[in-house]
Amino acid sequence: MFFGGQPNKSDNTKFYTLLGVQQDADPATIKKAYRKLAMKWHPDKNPDNKEDAEKKFKEISDAYSILSDPEKRKVYDQYGEDAAKEGGGGGGMPNPNDIFENIFGMNFGGGEGGPRHNIRPLVEVVELTLEEFYTGKTVEVEVKKEKVFNKRGRVDPKGMTVCPDCGGKGKRQVLRQLGPGMVQQMQIACEKCQGSGHSLKPGFRLGTETQKLEVEVPPGSKHEHQIIMEGQGNYDSKSDSYGDLVIILQEKPHDVFKRRGHDLIVHQKVDIMEALTGFETVIKHLDGRELYLKVDEIIKPEMVRQIRYEGMPIPDNNIIKGHLFIAFELEFPTSLKTSQKTKIRELFGLADSKHDDLTPCILVDPEEDNQDSDPDPRMGGIPGGFPGGFPGGFPGGFPGGMPRGMPGGMPGEGPEGVQCAQQ
């Protein structure tokens, strides 16, 4: 934003001279000149003269950042370097390395990291069974790629070019008059390319083409694992290169095995007789092998046992695997006949009831009890009694026990005052 009238004019030829182009050069010529000079003066290409190279690299990067933007270039041509930088949104000049990577899709940095594409990748999701994750698999993937076709229907990426209005940014800077001597610079979506940053040459059209690719899934790959196939994505005119294809592997639920990292878990149900006398079964593993399990010890509730190295393969390790855990779940019978109970008691040497002279309490399942809404006559009509009860009895208690003189005991009790067996 410029305050106090129009900005002062300064040199408006320096950036053209730095790039070695004429003032009427088109965007393609400016980009070509920058690419050539950036490769020549990149600091990593000049280790013996790095200080001077960094200075020169920054200068040509600043020049390109202004001249590649139609609105900034317009301000530069009219008012010069100071005005173009001042009207750039207040964020200063962009990082020279960011500009370089945006054009070339790479960095040098001694080779670390390899290619770096700033193009939005093409993403495909592939669902696999746990068996396929265990053994590994070659998957055939059908990918629909965005392509540029010429008049003859042939693929021709050269039919797509950088939008001349926004320079491939998908946005434009415009000047808006706010009042006398006050101008605001605003950023809007480019109308010509509708924010895409590219446009098609006359006679070309944009379409899709289906391509079949083979993807190797290593044994033991994890859920949501990503396989990146460089250069197999959509074409990007801004960088004149293809983006990446990202294959995301997703695991389907399994009926028997559950996965936890490199380990596997099987929830094995056993009845009470098997838990007490012994248990054996065969588990079919994910690769088709049969694992014979024999348990002679008494199986306790929530007991877990481990089979070493029968879990998932560990990628990049052909020897060690994770472990297989067997989590036992006890199933109790819902009911027993009186004769069965008698035999069990005899088997374990259990005596008959020692309290035949007492009346047993009535026990109900709180999950199935539907009497909560009925007033409890003993509690003076309060439905379900006192909410939550009184911890430790009635507040303060009754010194010396319950007060005497209540006819027939507590309200609602029988003639003898017995509701539940007590001692």
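A.B. asks: I'm lost on the nonpolar core in this one. Help?
C.D. replies: Generally speaking, nonpolar side chains in soluble globular proteins are found buried as a group. Ranked by internal contacts, the top residues of the largest apolar core, which has 34 residues, are Ile247, Leu249, Phe257, Ile299 and Phe328. Once residues within four sequence positions are removed from consideration, Ile299 is found in contact with Val270, Ala275, Phe279, Phe328 and Leu330. With 19 residues, the next largest nonpolar core counts Leu18, Val21, Ile30 and Ile66 among its residues.

A.B. asks: Would you take a moment to explain the packing of helix H2 (residues 27-41) against helix H3 (residues 50-67) for this structure?
C.D. replies: In helix packing, the relevant descriptors are the interaxial angle and the interaxial distance, both defined with respect to the helix axes. Interhelical geometry of H2 versus H3 gives an angle of 165° and a closest axis separation of 9 Å. Here H3 runs roughly antiparallel to H2, going by the angle between their axes. Considering only the axes of H2 and H3, their crossing is left-handed. When H2 is examined against H3, the residues Ile30, Lys31, Tyr34, Leu37, Ala38 and Trp41 are found in contact with a partner set consisting of Ala53, Lys56, Phe57, Ile60, Ser61, Tyr64 and Leu67. Its residues assigned to classes, the contact of H2 with H3 comprises 10 nonpolar, 1 polar and 2 charged.

A.B. asks: What exactly am I supposed to notice about helix H4 (residues 70-79) here?
C.D. replies: The periodicity of an α-helix, 3.6 residues per turn, causes residues three or four positions apart to be oriented the same way. For H4, the full list of buried residues reads Glu71, Lys72, Arg73, Val75, Tyr76 and Tyr79. A side-chain oxygen of the first residue of H4 lies 3.0 Å from the backbone nitrogen of Glu71; this N-cap is Asp69. Phi turns positive, to about 100°, at Gly80, one or two residues after H4.

A.B. asks: What am I meant to see in the sheet that holds strand E20 (residues 324-331) here?
C.D. replies: Strand pairs in the sheet, formed through backbone hydrogen bonds, run parallel or antiparallel to each other. If you walk across this open sheet you meet the 4 strands as E13-E14-E20-E17, and the pairing is mixed. Across the chains shown, the open sheet's two edge strands, defined by having one partner strand only, are strand E13 (257-260) and strand E17 (304-307). Neighbour-to-neighbour, the strand axes of this sheet turn through a mean angle of 30°, independent of strand direction.

A.B. asks: What am I meant to see in the packing of aromatic side chains here?
C.D. replies: Two numbers describe a pair of aromatic rings. These are the distance of the centres and the angle of the planes. Applying the stated criterion across every chain yields a total of 4 aromatic pairs. Between Tyr16 and Tyr76 the ring centres are 6.0 Å apart and the planes differ by 50°, which places this aromatic pair in the tilted class. Linking Tyr16 in helix H1 (residues 14-19) with Tyr76 in helix H4, this pair joins segments that are 60 residues apart in sequence. According to the relative accessible area criterion, Tyr16 is buried, its value standing at 1%. Look at Tyr34 and Tyr64: their rings are 4.5 Å apart centre to centre, the planes differ by 20°, and that puts the pair in the stacked class. Residue Tyr34 is found in helix H2, and its partner Tyr64 is found in helix H3; the two are separated by 30 residues along the sequence. Judged by its relative accessible area of 0%, Tyr34 is buried.

A.B. asks: Any chance you could explain H3 here in plain terms?
C.D. replies: Compared with the 26 Å implied by 1.5 Å per residue over 18 residues, the 25 Å span of H3 between its first and last C-alpha is a close match. Buried residues of H3: Ala53, Phe57, Ile60, Ser61, Asp62, Ala63, Tyr64, Ser65, Ile66 and Leu67, and no others.

A.B. asks: Explain the sheet that holds strand E2 (residues 122-128) to me, please; I cannot follow it from the model alone.
C.D. replies: One open sheet accounts for 3 strands, arranged E2-E12-E9; its pairing is mixed. The open sheet terminates on both sides in strands that have one partner only, identified here as E2 and strand E9 (226-229). Between one strand and the next, the sheet's axes are offset by a mean angle of 20°, whatever the strand orientation. Across 7 bridges, E2 lies against strand E12 (residues 245-251) in parallel orientation. Looking at E12, one finds that Glu127 is bridged to Gln250.

A.B. asks: Any chance you could explain the confidence of the model for the chain here in plain terms?
C.D. replies: Where the model shows low pLDDT, its predicted coordinates should not be examined in detail. Taken as a whole, the chain shows an average pLDDT of 78; of its residues, 76% reach a score of 70 or greater. Within the model, the stretch residues 105-117 combines pLDDT values under 50 with 22 contacts to residues more than four positions away or in other chains. Here residues 398-422 is modelled with pLDDT under 50, and outside its nearest four sequence neighbours on either side it reaches 17 contacts, counting other chains as well.

A.B. asks: It is not clear to me how empty space enclosed by the protein should be interpreted in this structure. Could you clarify?
C.D. replies: Where empty space is left becomes clear once a probe the size of a water molecule has been rolled over the atoms. Under the defined criterion, the tally for this structure stands at 2 cavities of 30 Å³ or more. By volume, the largest cavity amounts to about 60 Å³. Around the largest cavity sit Glu146, Lys147, Val148, Val155, Pro157, Met160, Leu206, Tyr235 and Tyr242, which together line it. The element that contributes the greatest number of residues to the lining of the largest cavity is strand E3 (residues 137-149), accounting for 3 residues. Split into classes, the residues belonging to the lining of the largest cavity amount to 7 nonpolar, no polar and 2 charged. If you add up the space inside the second largest cavity, you get close to 30 Å³. Glu71, Lys72, Val75, Gln173, Leu175 and Gln185 together form the lining of the second largest cavity.

A.B. asks: Help me out: how do you make sense of the pattern of salt bridges in this one?
C.D. replies: It is possible for side chains of opposite charge to pair when their charged atoms get near one another. Throughout the structure, instances matching the rule amount to 12 salt bridges. A salt bridge links Glu209 to Lys147; its shortest N-O distance comes to 3.9 Å. Taken together, the positions of Glu209 in strand E8 (residues 205-217) and Lys147 in strand E3 put the pair 62 residues apart, joining distant regions of the chain. Of the residues examined, Lys147 reaches a relative accessible area of 12% and is grouped as buried. Residues Lys269 and Glu331 are paired through a salt bridge, measuring 3.9 Å at the closest nitrogen-oxygen approach. Pair noted here: Lys269 is in strand E14 (residues 263-271) and Glu331 is in strand E20, with a separation of 62 residues, a long-range link. When its relative accessible area of 49% is taken as the criterion, Lys269 is described as partly exposed. On the accessibility criterion, Glu331 (41% relative accessible area) is partly exposed. The network of salt bridges with common partners includes Glu71, Arg172 and Glu191.

A.B. asks: Explanation requested: a nonpolar patch on the surface in the structure shown.
C.D. replies: On the surface, a nonpolar cluster with roughly 670 Å² of combined accessible area is contributed by Leu276, Ile298, Leu336, Ile344, Leu347, Phe348 and Leu350. Following the sequence through the fold, Leu347 ends up in helix H9 (residues 338-347).

Parameters at a glance
- Residues numbered from 1 in each chain as written.
- Predicted model: local features only at pLDDT ≥ 70, side-chain atom pairs only at ≥ 80, totals over all residues.
- Heavy atoms only, no water.
- Core = buried A, V, L, I, M, F, W, Y, C linked by side-chain atoms within 4.5 Å.
- Buried < 20%, exposed > 50% of the residue type's maximum accessible area, 1.4 Å probe, protein only.
- Contact = heavy atoms within 4.5 Å.
- Axes fitted to C-alpha atoms, helices over the stretch in contact; angles between N-to-C directions.
- Helix = DSSP H or I, 4+ residues; strand = E, 2+ residues; numbered from the N terminus.
- Parallel < 35°, antiparallel > 145°, perpendicular 65-115°, else oblique.
- Left-handed = near helix turned anticlockwise from the far one by under 90°.
- Nonpolar A, V, L, I, M, F, W, Y, C, P; charged D, E, K, R; others polar.
- Polar contact = N/O pair within 3.5 Å; in protein donor to acceptor, adjacent residues only side chain to side chain.
- Pairing = 2+ DSSP bridges.
- Phe/Tyr/Trp six-rings, centres within 6.5 Å; stacked < 30°, edge-to-face > 60°.
- Expected span 1.5 Å × (residues − 1).
- pLDDT = per-residue confidence, 0-100.
- 1 Å grid on protein atoms, 1.4 Å probe; cavity = no way out; pocket = protein on both sides within 12 Å on 5 of 7 lines; lining within 4 Å.
- Points joined across faces, edges and corners; volume = space filled by probe spheres on them.
- Salt bridge = Lys/Arg side-chain N within 4 Å of Asp/Glu carboxyl O.
- Patch = residues over 30% accessible without salt bridge, like charges linked within 9 Å, V, L, I, M, F, W, Y side chains within 5 Å.
- Areas by Shrake-Rupley, 256 points an atom, 1.4 Å probe, with all protein chains shown as cover.

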